[in-house]
Amino acid sequence: MQTLAYPCCEKCNHTASTPCRDYIKCRVEGPLCHDDPDCKQKRQDFLAKMYDPEGLTKQILICTGTGCVSSGSQRLIELVREELVKRNLDETVRVRSTGCHGFCEQGPIVIIEPDKTFYTKVKPSDITEIIETDIVGGNKVDRLLYRDPVSGESAVTYETVNFYAKQNRIILNNCGQINPERISQYMAKKGYQALEKVLQTMKPEEVIEEVKKAGLRGRGGAGFPTWLKWNLCRKAQGDKKYVICNADEGDPGAFMDRSVLEGDPHAVIEGMLIGAYAIGADEGYVYCRAEYPLAIERLKIAISQAEKNGLLGKNILNSGFNFHLKIKAGAGAFVCGEETALIASIEGKRGMPKVRPPYPAEKGLWGKPTNINNVETWANVPHILRNGADWYCQFGTPKSKGTKIFALTGKVNNTGLVEVPMGISLREIIFDIGGGIKGNHTFKAVQIGGPSGGCIPEELLDLPVDFDSLSEVGAMIGSGGLVILDDTTCMVDIARFFLTFTQKESCGKCTPCREGTKRMLEILTRITKGEGKPEDLENLETLAGVIKKTSLCGLGQTSPNPVLATLRYFREEYEIHIREKRCPAHACTALLQYHIDNEKCKRCGVCAKNCPVGCIFGDKNNPYEIDSQNCIQCHTCIDKCKFKAITVS
Amino acid sequence: MQWIQLKIDDKKIRVPEKTTILEACRMNNILIPTLCHDPELTNWGACRLCVVEVEGMRNLVTSCTMEVQQGMVVRTSTPDIREARKTILELIVANHDIDCLTCEKMGECELSKYAYEYGVKKDVFQGAKREYELDDSNPFIIRDLNKCILCGKCVRACAEIQVNHVLDYSKRGFETQVGPAFHLPYGESDCVFCGSCLAVCPVGALTEKQMAGKGRPWEVKKIQTTCPFCGTGCNFDLNVRDNKVVGVTSNPGSPVNGRALCVKGRFGVEYIHSPNRLITPMIRKNGELVEAEWYEALELIAERFKTIKEQYGSDSLAALSSARCTNEENYLMQKFMRAVIGTNNVDHCART
Ligand SMILES: Cc1cc2nc3c(=O)[nH]c(=O)nc-3n(C[C@H](O)[C@H](O)[C@H](O)COP(=O)(O)O)c2cc1C
Ligand code: SF4
Ligand code: SF4
Ligand code: SF4
Ligand code: FES
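Residues numbered from 1 in each chain as written. Chains lettered and ligands numbered in written order. Predicted model: local features only at pLDDT ≥ 70, side-chain atom pairs only at ≥ 80, totals over all residues. Heavy atoms only, no water.

J.: I'd like to hear about the overall build of chain B, residue by residue, with values.
T.: Within chain B one finds eight helices and 16 strands. Across its three principal directions, the C-alpha atoms of chain B cover 90 × 50 × 40 Å. Here chain B holds 352 residues, and 45% of them are scored as buried. Sequence-distant contacts, at least 24 apart, represent 58% of the contacts inside chain B between residues at least 6 apart. When the accessible area of chain B is evaluated, it comes to approximately 19,500 Å², of which 52% is carbon and sulfur surface. For chain B, the centre of its 44 positive side-chain charges and the centre of its 45 negative side-chain charges are spaced 3 Å apart. (Helix = DSSP H or I, 4+ residues; strand = E, 2+ residues; numbered from the N terminus. Buried < 20%, exposed > 50% of the residue type's maximum accessible area, 1.4 Å probe, protein only. Contact = heavy atoms within 4.5 Å. Areas by Shrake-Rupley, 256 points an atom, 1.4 Å probe, with all protein chains shown as cover. Lys, Arg positive; Asp, Glu negative; His and termini not counted. Charge placed at Lys NZ, Arg CZ, Asp CG, Glu CD.)

Shown next, in the form of structure tokens:
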């Protein structure tokens, strides 16, 4: 028996071609088909070794999510292994690579279990000390512990890090805890038990009913009730049906889907299996952007392990249910996250949305009824079916159940992935989990929902985060991006940033989106350059209205949101740009004026020498001056002046 | 078939199921502007000009794609709708090379028709415009992407009428364009110059090179005829000005071919007025070809057939007919050989 997934002895005859219906239960409670204390002991030993609650051996968990890998965690694994071998500790101390912890900013992250010690920003040169002080000496390496940015105190275990303490990690629970490349570790964490329960005890309709009772709504943006979609697809006429996992994750800044796929791929596979059973589909696709090579690799491994163990393929767990899963790598266009464009892309066509109806539930991939859900939505499914809808309903609000993962970024102290129950206030996310605003700055707004979302100002920070409350104030959960903006952010500029993205990513099919966003962008750009006209705001609103009302797909329909939301809550800022040709946040470089203070200037001429466009004039006898007509606001002169004689206004 | 009852602009209407709102409107003489719709091509819903209001729907919907439903209430011309259409037209015009003075399409341009109807001025949105080079590297089609409105009709015509799939969209956002793969000019692509794309383009982005400068739509007379090139029997309109054929345009009403034509039918008109063309029979007299009258030539042929048949027998004659002849002509030819000459020696170039 090499891993938990393997047979205990020759009596076990479960294989992919001769599946046993109790395979999953057998692996954690078994053996079930024969009575043998030895075999049982073997299984229990395995489980104990994997999650050693008594702390008999120490485990070093090293994160191998994309963030930590790019800050060098692979090298850490090698070094730790070498170091352990050197000290003859390799038998007693286990090294495990895990998925993302969501706190990538602090990466590479190393955790020592069972102590839960949480080391951050670990460098190769720290390894010897960790082994010596912690593993051997039993003390903490203080300088590598996480220090709270507000209180300045260090947190020894991850449970005491504020960033984690206020979270409610259900979907992310396995990420960072199990090795995503081992199906047995997923099984040890109750993995595939929901599937076994569904296949053995539930009719497809009952599965849909349970998902309905749980109130699960799509995490891909629109919050559409998942059961309703499943039901439509189940009822649609068709000899062949498909399920698709939308792992395109095109929102800039969002990376929860990637983390789930990298850290817990089997949860997504299990969710899809359950959904396919409920709908009556026997084939599925995971559409994942090619920029996520690690997620694709982990998925490939997970699929092949599931196939080998008879959890994908024909006659799964001897239930008669067949399901085959394929991966389709997309070329990374934002619009390919839109379901009809995604389907076109799988079919080998250009990813361009089609008019709905017909909806994919009636006519989807290759013209067959198709159900598409987001990665996080699929990952919720096993939890609901394993623990029941009642358990699930304890999280969230009456209309938005469960948890949601957000990607917290911007001017906040702790950035990363946070999983919180729906209904939590934005204030709690930003100030408790996020540790407040960075530096000496003040909160200005939070941009939520990515390029389709809106900006929420300070006065609405106590708003509960759920699907409906946010759309009431002109924002949306979207894919869960949360960009925190402080007083140095210009709201016109932020609107321009998001519109630049949508305009570039517009598929170009329909007129209002392709041409309209371009004209809006031109107006915004003009405003940030101080060339705005009084009628611009009205023009922006008219255009935005037409684009929202007439665009073909969600990309166009939501593209004016960042502009409309900032106009709604920060109109004054737009007006100041237009009226006074001034950017209150000092962010629009074109509106900055550089001055030399003659009192402070020592006429050293360094600024003039370094100005890349040569627009500073003066000499020993004549005061230095900046020709603001030609100044490109590059800030070089300020950086170079030793006497702080140059100011910007 | 089920009938659907609905209300359009307060008028009660009954149409068969699966009819689109646009079709229902057109059946009832309710005008809806369209730029990307074409009854012969799949519904595309791209230009968004045909938007209407359907009660209960959050956004405006495109009438060209939305099928009617029992009890639907549709409005086609509220101020909101007209405003949205006008804005859409203004947006198209803002990125269109307004070169109407010498544009080949003038008079038949759909964009200018609706711009006129909706009172669209050209300078509402001022900003960037596309700047592409003219593609006139082939003898047949001039492609001016600065006039293209990206309706995608050419893409669908190439794929659905000619089934050649030469054209598609490329790039994204404001830079989106249509054309052959790798932005090749038409002449270097796999285009077979059937001209189907040309026939459906609503603006002056695709125009016929041979007809350039040869006459405005109102100056030419369209005369429907059957193509003489082969036996398929495609119909099209000869465009005639001052008694001269200046070109061919396809006629959607053609029973055999609709708007599909091949390169010869659509573009092969040069020979009509060619000075090298034979216009009378020629008889070789004293080793030289001399112009003759038809009765003279036919008499000579009959005479020679008769003598050959008498001298050497019926089977010494044979006839080979051509795929370029019509069915009727081929029928007559074999009938003539069997009944008049008395032989079964009949063959046809397309027999294999
Ligand atoms: C422009 C655009 C981009 C989208 N991108 C994504 C995406 O990256 N991932 C995703 O799951 N859904 C995306 N969606 C939403 C999908 O179209 C679809 O609604 C979703 O995958 C359905 O899954 P759910 O019901 O589980 O949320 C996008 C929608 C639009 C209009
Ligand atoms: S709204 Fe934008 S992305 Fe969507 S179909 Fe239209 S052009 Fe394409
Ligand atoms: S001429 Fe015919 S083959 Fe060539 S691009 Fe146009 S439709 Fe396609
Ligand atoms: S070339 Fe003509 S038919 Fe083709 S997309 Fe442009 S405007 Fe439409
Ligand atoms: S005609 Fe309906 S969208 Fe173009």
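Still more ground to cover, so stick around.
J.: A description of the nonpolar core should follow, citing residues and the corresponding values.
T.: A:Tyr192, A:Leu311, A:Phe323 and A:Leu385 are the most contacted members of the largest nonpolar core, which totals 81 residues. For A:Leu385, the contacting residues outside a window of four places in its chain are A:Ala194, A:Lys197, A:Val198, A:Met202, A:Val207, A:Glu210, A:Val211 and A:Ile274. Counting residues in hydrophobic clusters, the runner-up holds 66 residues, among them A:Cys513, B:Trp44, B:Tyr118 and B:Tyr186. (Core = buried A, V, L, I, M, F, W, Y, C linked by side-chain atoms within 4.5 Å.)

J.: I'd like to hear about the sheet that holds strand S15 (residues 481–486) of chain A, residue by residue, with values.
T.: All names here are of chain A. Taken together, the five strands give an open sheet; going across it, the order is S12-S11-S15-S13-S14, and neighbouring strands pair in mixed fashion. A single partner strand is all that each edge strand has here, and the edge strands are strand S12 (416–421) and strand S14 (454–457). Each strand axis lies, on average, 30 degrees off the axis of its neighbour in the sheet, ignoring direction. Note: strand S11 (residues 403–410) against S15, four bridges, orientation parallel. When the bridges of S15 are listed, Thr409 appears paired with Val483. Across the sheet, helix H17 (residues 426–433) is in contact with S11, S12, strand S13 (443–448), S14 and S15; its angle to S13 comes to roughly 115 degrees. (Pairing = 2+ DSSP bridges. Axes fitted to C-alpha atoms, helices over the stretch in contact; angles between N-to-C directions.)

J.: Outline the site of ligand 4, listing residues and values.
T.: Residues and elements named next belong to chain B. Near ligand 4 there are 13 residues, and of these Cys148, Cys151, Gly152, Cys154 and Cys201 occur at the shortest range. Most atoms of ligand 4, that is more than half of them, are within 2 Å of grid points of the largest cavity. Of the residues assigned to the shell around ligand 4, the class counts are 11 nonpolar, one polar and one charged. (Near = heavy atom within 4 Å. 1 Å grid on protein atoms, 1.4 Å probe; cavity = no way out; pocket = protein on both sides within 12 Å on 5 of 7 lines; lining within 4 Å. Sits in = over half its atoms within 2 Å of the grid points. Nonpolar A, V, L, I, M, F, W, Y, C, P; charged D, E, K, R; others polar.)

J.: I'd like a rundown of the domain arrangement of chain B, residues and numbers included.
T.: How big an interface is tends to be reported as the loss of accessible area on association of its parts. Each assigned domain of chain B is listed with its residue range as follows: domain 1 (3–77), domain 2 (214–277) and domain 3 (282–351). Computed over C-alpha atoms, the centres of domain 2 of chain B and domain 3 of chain B are 30 Å apart. (Domains from an automatic or database assignment.)

J.: Explain the pairing of strand S8 (residues 283–289) of chain A to me, and be specific about the residues and the numbers.
T.: All names here are of chain A. Here S8 lies mainly inside the structure; seven of its seven residues are buried. Residues of S8 alternate between two faces, with Glu283, Tyr285, Tyr287 and Arg289 on one and Gly284, Val286 and Cys288 on the opposite face, all of them buried. As defined by bridge partners, strand S7 (residues 242–247) adjoins S8 across six bridges and the pair is classed as parallel. Looking across to S8, one finds that Val243 is bridged to Gly284. The sheet contact formed by S8 and strand S9 (residues 324–330) spans seven bridges and is parallel. Looking at the pairing, Cys288 lines up with Ala329 of S9. Regarding topology, helix H13 (residues 293–308) serves as the crossover connection from S8 to the parallel S9, and that connection is right-handed. (Right-handed = clockwise from strand over helix to strand, strands pointing away.)

J.: Requested: an account of the site of ligand 3, with residues and values cited.
T.: Taken together, B:Ile141, B:Cys158, B:Asn164, B:Leu167, B:Cys191, B:Val192, B:Phe193, B:Cys194, B:Gly195, B:Ser196 and B:Cys197 make up all the residues around ligand 3. The residue makeup of the shell around ligand 3, split by class, is eight nonpolar, three polar and no charged.

J.: Explain the side chain of B:Gln177 residue by residue, including any values.
T.: Residue and element names in this part refer to chain B. The residue Gln177 is located in strand S8 (residues 177–180) in this model. When its relative accessible area of 10% is taken as the criterion, Gln177 is described as buried. The contacts of Gln177, once residues within four sequence positions are left out, are Tyr132, Leu145, Leu150, Asp168, Tyr169, Ser170, Lys171 and His183.

J.: Requested: an account of empty space enclosed by the protein, with residues and values cited.
T.: Residues and elements named next belong to chain B. All told, the structure shown has six cavities of 30 Å³ or more when counted by the stated rule. Lining the largest cavity we find 19 residues, and of these Cys148, Cys154, Val178, Ala205 and Leu206 sit closest to its centre. For the lining of the largest cavity, the secondary structure elements donating two or more residues are helix H4 (153–161) and S8. Split into classes, the residues belonging to the lining of the largest cavity amount to 15 nonpolar, two polar and two charged. (Points joined across faces, edges and corners; volume = space filled by probe spheres on them.)

J.: Describe in detail the layout of surface pockets, supporting the description with residues and values.
T.: The volume enclosed by the second largest pocket comes to roughly 1,200 Å³. Taken together, 36 residues line the second largest pocket, and the ones lying closest to its centre are A:Lys354, A:Val355, B:Thr42, B:Asn43 and B:Trp44. Secondary-structure elements contributing two or more residues to the lining of the second largest pocket are helix H14 (339–346) of chain A together with H4 and strand S7 (167–170) of chain B. The element contributing the most residues to the lining of the second largest pocket is H4(B), with four residues. Taken together, the residues of the lining of the second largest pocket break down into 15 nonpolar, nine polar and 12 charged.

J.: Give a description of the sheet that holds strand S3 (residues 110–113) of chain A that names residues and reports values.
T.: All names here are of chain A. Taken in spatial order, the four strands line up as S2-S1-S3-S4 in an open sheet, and their pairing is mixed. A strand with exactly one partner marks an edge of an open sheet, and here the two such strands are strand S2 (94–98) and strand S4 (117–119). Adjacent strand axes in the sheet meet at a mean angle of 20 degrees when their direction is disregarded. In this sheet, S2 lies alongside strand S1 (residues 59–63) in parallel orientation, the contact comprising five bridges. Paired with Gln59 across the two strands is Arg94, which belongs to S2.

J.: Quick rundown of the pattern of salt bridges? Include the residues and the values.
T.: Residues and elements named next belong to chain A. Inspection of the entire model under this criterion finds 50 salt bridges over all chains. For Asp432, the salt bridge is made with Lys166, and the minimal N-O distance between the two is 3.1 Å. Within this pair, whereas Asp432 is found in helix H17, its partner Lys166 is found in the loop between helix H6 (162–165) and helix H7 (183–188), the two being separated by 266 residues in sequence. Since its relative accessible area comes to 29%, Asp432 is described here as partly exposed. A relative accessible area of 41% means that Lys166 is categorised as partly exposed. For the salt bridge of Glu515 with Arg514, the shortest nitrogen-to-oxygen distance reads 2.7 Å. Across this residue pair, the class does not change: Glu515 and Arg514 are buried. (Salt bridge = Lys/Arg side-chain N within 4 Å of Asp/Glu carboxyl O.)

J.: Which residues make up helix H2 (residues 37–50) of chain A, and what values go with them?
T.: All names here are of chain A. Its 14 residues give H2 an end-to-end C-alpha distance of 20 Å, which sits within 8% of 20 Å, the value for a rise of 1.5 Å per residue. Where H2 is concerned, the buried positions are Cys39, Arg43, Phe46, Leu47 and Met50. Down the axis, H2 shows its buried residues gathered within 95 degrees of arc, on one side only. The exposed set on the far side of H2, more than 90 degrees from its buried face, consists of Pro37 and Asp38. N-capping of H2 is provided by Asp36, with a side-chain oxygen placed 2.8 Å from the backbone N of Asp38. (Expected span 1.5 Å × (residues − 1). Arc of directions from axis to C-beta. Polar contact = N/O pair within 3.5 Å; in protein donor to acceptor, adjacent residues only side chain to side chain.)

J.: Any details on the domain arrangement of chain A? Residues and values, ideally.
T.: Residue and element names in this part refer to chain A. As assigned here, chain A comprises domain 1 (10–50), domain 2 (58–165), domain 3 (183–392), domain 4 (403–486), domain 5 (491–579) and domain 6 (592–648). Once you take the C-alpha centre of each, domain 3 and domain 4 turn out to be 27 Å apart. Facing 17 residues of domain 3, the contacting portion of domain 4 comprises 18 residues. Where domain 3 packs against domain 4, one counts two salt bridges. Note that Lys404 and Glu376 form a salt bridge whose closest N and O atoms lie 2.7 Å from each other. Here the side of domain 3 that touches domain 4 gets three residues from one element, more than from any other, and that element is helix H11 (residues 256–263). Of the residues assigned to the side of domain 3 that touches domain 4, the class counts are seven nonpolar, six polar and four charged.

J.: Go over the pairing of strand S1 (residues 3–8) of chain B with me, naming the residues and quoting the values.
T.: All names here are of chain B. The alternating pattern of S1 places Ile4, Leu6 and Ile8 on a buried face, while none of Trp3, Gln5 and Lys7, on the opposite face, is buried. Where S1 and strand S2 (residues 11–16) come together, six bridges link them in antiparallel fashion. Note on S2: the bridge partner recorded for Ile4 is Val15. Two successive antiparallel strands, S1 and S2, enclose a turn made up of two residues, where Asp9 displays a positive phi of approximately 45 degrees. Direction of pairing for S1 relative to strand S5 (residues 73–75): parallel, over a ladder of two bridges. Its bridge partner being in S5, Ile8 is matched across the sheet by Val74.

J.: Kindly report on the packing of aromatic side chains, identifying the contributing residues and their values.
T.: Throughout the structure, instances matching the rule amount to 22 aromatic pairs over all chains. Three or more aromatic residues link up through ring pairs in this structure, and these residues are A:Phe103, A:Phe118, A:Tyr146, A:Phe163 and A:Tyr164. Directly above the ring of A:Trp227 sits A:Lys212, whose terminal nitrogen or CZ lies 4.3 Å from the centroid. Over the ring of B:Phe174 we find A:Lys518; its NZ or CZ atom is 4.6 Å from the centre of that ring. (Phe/Tyr/Trp six-rings, centres within 6.5 Å; stacked < 30°, edge-to-face > 60°. Lys NZ or Arg CZ within 6 Å of the ring centre and 35° of its normal.)

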